[in-house]
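# What the coordinates show
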Amino acid sequence: MFAYLRACVPVEVDVTLLSVADRLATRGERAQESIDAHLMLAGGVLLDAVRWDREGPPRPLVRGDELAEALGIATGPRVGAVLEELTAAQYAGEVRTREQALAYARGLA
């Protein structure tokens, strides 16, 4: 979900609704089954998209320079990639505190 929302910024709600409109145009055998499944999925996605639109991505639990120091690596693209993974984990509820974020990052490194 995090990757989807991040990729759709700043039109995450619009893209989700457009996917529903596109699916509603489905025709043919088993079309209704496909539409129903998509509507179920899109309902959950839309809730997250509206929240993301309202609140934005999670606020980082740790800064890049702090992360680089804790991991003993130079600042740069690697730190950025780890920060992105941390933000995704935070969004998913896998990490909630700075200490958990650092432990998670150590596991990635």
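Let us look at the structure shown here. Here the structure is a predicted model, which means the values were calculated and not measured.

Conventions used here
In this convention, every chain numbers its residues from 1, walking through the sequence in written order. This being a predicted model, a pLDDT of at least 70 is required before a residue's local features are given, and a value of 80 or more before pairs of side-chain atoms are given or counted; all residues contribute to the totals for chains, interfaces and linings. Side-chain measures here rest on the full set of heavy atoms in the structure, leaving out hydrogens and waters. For the purposes of this entry, the term helix denotes a DSSP run of H or I that reaches at least four residues, the term strand denotes a run of E that reaches at least two, and both are numbered from the N terminus. Burial classes: relative accessible area under 20% of the type maximum marks a residue as buried, over 50% as exposed, and values in between as partly exposed (1.4 Å probe, protein chains only). Here a residue-residue contact requires only that any non-hydrogen atoms of the pair lie within 4.5 Å. Whenever Lys or Arg places a side-chain nitrogen within 4 Å of a carboxyl oxygen from Asp or Glu, that contact is recorded as a salt bridge. For helices, the axis comes from a line fit to the C-alpha atoms of the stretch in contact; other axes are also lines fit to C-alpha atoms, and the angle between any two N-to-C directions lies between 0 and 180 degrees. Each angle is binned into one of four classes, with values under 35 degrees roughly parallel, values over 145 roughly antiparallel, values of 65 to 115 roughly perpendicular, and all other values oblique. Throughout, the ten residues Ala, Val, Leu, Ile, Met, Phe, Trp, Tyr, Cys and Pro are labelled nonpolar, Asp, Glu, Lys and Arg are labelled charged, and all others, Gly among them, are labelled polar.

What follows concerns the overall build of the chain. Counting its secondary structure elements, the chain contains six helices and zero strands. The order of helices and strands in the chain, counted from the N terminus, is α-α-α-α-α-α. Per-residue burial for the chain yields a buried fraction of 30% across its 109 residues. In the chain, the proportion of contacts linking residues at least 24 apart, taken out of those at least 6 apart, comes to 58%.

Right, let's talk about the pattern of salt bridges for a bit. All chains considered together, the criterion is met by seven salt bridges. Here D48 makes a salt bridge to R51, at a shortest N to O gap of 3.6 Å. Of this pair, D48 and R51 both sit in helix α3 (residues 31-55), three residues apart, roughly one helical turn. You can call D48 buried: its relative accessible area is 18%. For R51, a relative accessible area of 33% translates into the label partly exposed. In this structure, a network of salt bridges that share partners links the residues R63, D65, E66 and R98.

Once that is clear, we can look at the environment of G80. Counting through the fold element by element, G80 comes out in helix α5 (residues 77-91). Residue class for G80 comes out partly exposed when judged on its relative accessible area of 36%. The sequence separation of G80 and L67 amounts to 13 residues, and the corresponding C-alpha distance is 9.6 Å.

Relative to each other, helix α4 (residues 64-71) and α5 sit at 105°, their axes nearing to 10 Å. Here α4 is positioned roughly perpendicular relative to α5, judged by the angle of their axes. Contacts between α4 and α5 involve G64, L67, A68 and L71 from the first element and V79, V82, L83 and L86 from the second. A per-class count over the contact of α4 with α5 returns seven nonpolar, one polar and no charged.

For the rest of this paragraph, the subject is the environment of M40. Positionally, M40 belongs in helix α3. In sequence terms M40 and M1 are 39 residues apart; their C-alpha atoms lie 15 Å from each other.

At the junction of V9 and P10, the peptide bond is cis and its omega measures out at 10° in the coordinates. Relative to the assigned elements, P10 resides in the loop between α1 (2-8) and α2 (12-24).

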